[in-house]
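Descriptive structure summary
In case you want the letters, here they are:
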Amino acid sequence: MDRLVYTAYAAGWAVLKHLPEPAARALFDRLADSAWRRRGKRVLQLEANLLRVRPEADEARLRELSRAGMRSYMRYWQESFRLPVWGRARVLRDVRVDGFEQLREALESGRGAVIALPHMGNWDLAGAWVASLGYPFTTVAERLEPERLFDRFVAFRESLGMEVLPLTGGSVNVVGTLARRLRAGKMVCLVGDRDLSEAGVGVSFFGEATRMPAGPAALCQRTGAALMPVTLWYEGRILRGRIHPEVPVPAEGDRAERTRVMTQAMADVWEDAIRRHPEDWHMLQRFWLADLPVRETVGAERARAGEPDRGAPVSGAPVAADQVGADPAAGAAGA
């Protein structure tokens, strides 16, 4: 099975980048529509998630949204497979981001910045755009199986100008390295919208309880870096993005409470963007605590009550790797 998975992705990189672009787009639209019509568990979960975002949607509208969502999700893969042949001019032409001056100001002041984003749009393309402007950054990637596939993803992202740290099994301390980059005035990009482990911070999202990684907020408290939520969506052939204003560190509360407040503030920003562009939120996995198998824990009860999980990382203490927020490649590949 591992060999088949690797062969499929290797073929994507080797073949798709040489297809005429209209043919590649049509192929991936067909793949998306085929998966959508089969109504497998990922499509059904996508629809369950979209119903939280648009509770007023009737069955026809929900199906329309899920079809658009599958096409958006497959567009991410089609673009990523073809990115190696796009070139800098194409990347700069096809990505438009509002609010970049806020990020530039934070970096040029020497503070460093944590860019935290949900599973929206195409994070690889957005990363290539930032790097093309002369702002390289560090990110974290979950390990994929087989190992060769993970190595291929890492090499691909590094070719776009990213420094990629493996979440587990690497030779460096992930959190310590991220903190050093931030203290040096650099940029760190982390995915921050899903962490259903006991380490996640309890937040309210579309009126229901879930958990999100504590890492982005904790790193900013630890280093003084600016925490900036980002949202991405598609407008026709263009990838649009917005760098939102910095989330400040609260003046009151203990460290765990400040982490919770900052994480909730990011969640509120993402909620608004996902409500506007639900089809570009690529969440094909369980996301809310209510969708998890019945297994009540103290952490789950606290999250449902909107209380901070006391196991959350705090400034000045080590942050566990699984609380950082990793690149979504593994989750996306598994979907």
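1. Here we look at the sheet that holds strand S3 (residues 137-141)
Pairing is mixed in the open sheet, where seven strands are placed in the order S1-S9-S8-S2-S5-S3-S4. Of all the strands in the sheet, just strand S1 (95-98) and strand S4 (162-166) have a single pairing partner and so form its edges. Direction aside, the axes of adjacent strands within the sheet are offset by 25° on average. As defined by bridge partners, S3 adjoins S4 across five bridges and the pair is classed as parallel. Paired with Phe 137 across the bridge in S4 is Met 162.

2. Observations concerning the pairing of strand S2 (residues 113-117)
The buried fraction of S2 amounts to five of the five residues, a majority that puts the element mostly inside the structure. Neither face of S2 is exposed, since Ala 113, Ile 115 and Leu 117 on one face and Val 114 and Ala 116 on the opposite face are all buried. Alignment of S2 against strand S5 (residues 187-191), held across five bridges, turns out to be parallel. Opposite Val 114, over in S5, you have Val 188 as the bridge partner.

3. Some details on the side chain of Thr 263
Within the element layout of this structure, Thr 263 appears in helix H11 (residues 255-276). Residues in contact with Thr 263, not counting those within four places in the same chain, are Val 201, Val 203, Met 212, Pro 213 and Ala 217.

4. Focus on the side chain of Arg 54
Structurally, Arg 54 is set in the loop between helix H3 (41-53) and helix H4 (59-82). The buried charged residue Arg 54 lacks any salt bridge, with Glu 56 as its nearest oppositely charged partner at 4.1 Å. There is a polar contact of 2.7 Å between the side chain of Arg 54 and the backbone oxygen of Arg 275. Once you skip the residues sitting within four places of it in the chain, Arg 54 turns out to touch Arg 61, Leu 65, Arg 275, Arg 276 and Pro 278.

5. Things to note about the environment of Ala 128
Topologically, Ala 128 is positioned in helix H7 (residues 123-132). For Ala 128 and Leu 160, which are 32 residues apart along the polypeptide, the C-alpha to C-alpha distance reads 5.3 Å. When neighbours within four sequence positions are excluded, Ala 128 is seen to be in contact with Val 91, Leu 160 and Met 162.

6. With respect to empty space enclosed by the protein
Under the definition given, this model contains two cavities of 30 Å³ or more. Roughly 270 Å³ of internal volume is contained in the largest cavity. Lining the largest cavity are 22 residues, and of these Leu 117, Trp 123, Ala 126, Gly 127 and Cys 189 sit closest to its centre. Considering every element that reaches the lining of the largest cavity, the biggest residue donor is H7, with six residues. When its residues are assigned to classes, the lining of the largest cavity shows 18 nonpolar, two polar and two charged.

7. Some words on the nonpolar core
Met 70, Leu 103, Met 187, Phe 205, Leu 227 and Trp 281 are the most contacted members of the largest nonpolar core, which has 91 residues in total. Top element by residues in this core is H4. It accounts for eight residues. With sequence-adjacent residues up to four places away left out, Met 187 is seen in contact with Leu 103, Leu 107, Ala 113, Ile 115, Val 130, Tyr 135, Pro 136, Phe 137 and Thr 138.

8. As for the confidence of the model for the chain
Considering every residue of the chain, the mean pLDDT works out to 85; 82% of them sit at 70 or more. Every residue in residues 296-322 is under pLDDT 50, and counting partners more than four places away or in other chains gives 56 contacts. Between residues 327-335, whose pLDDT stays under 50, and residues either more than four places distant or in other chains, the model counts 28 contacts.

9. Topic: the pairing of S3
Of all five residues that make up S3, five are buried, and the element is covered over most of its length. Summarising the sheet, S3 and S5 pair through three bridges and their orientation is parallel. Note on S5: the bridge partner recorded for Thr 139 is Cys 189.

10. Observations concerning helix H10 (residues 215-223)
Of all nine residues making up H10, eight are buried, and the element is well covered by its neighbours. Those residues of H10 not exposed but buried are Gly 215, Pro 216, Ala 217, Ala 218, Leu 219, Cys 220, Gln 221 and Thr 223. Check the buried side of H10 and you find it contacts S2, helix H9 (174-183), S5, strand S8 (226-235) and H11. Just beyond H10, the residue with positive phi is Gly 224, at close to 85°.

Quick notes on the rules
Residues numbered from 1 in each chain as written. Predicted model: local features only at pLDDT ≥ 70, side-chain atom pairs only at ≥ 80, totals over all residues. Heavy atoms only, no water. Pairing = 2+ DSSP bridges. Helix = DSSP H or I, 4+ residues; strand = E, 2+ residues; numbered from the N terminus. Axes fitted to C-alpha atoms, helices over the stretch in contact; angles between N-to-C directions. Buried < 20%, exposed > 50% of the residue type's maximum accessible area, 1.4 Å probe, protein only. Contact = heavy atoms within 4.5 Å. Lys, Arg positive; Asp, Glu negative; His and termini not counted. Salt bridge = Lys/Arg side-chain N within 4 Å of Asp/Glu carboxyl O. Polar contact = N/O pair within 3.5 Å; in protein donor to acceptor, adjacent residues only side chain to side chain. 1 Å grid on protein atoms, 1.4 Å probe; cavity = no way out; pocket = protein on both sides within 12 Å on 5 of 7 lines; lining within 4 Å. Points joined across faces, edges and corners; volume = space filled by probe spheres on them. Nonpolar A, V, L, I, M, F, W, Y, C, P; charged D, E, K, R; others polar. Core = buried A, V, L, I, M, F, W, Y, C linked by side-chain atoms within 4.5 Å. pLDDT = per-residue confidence, 0-100.

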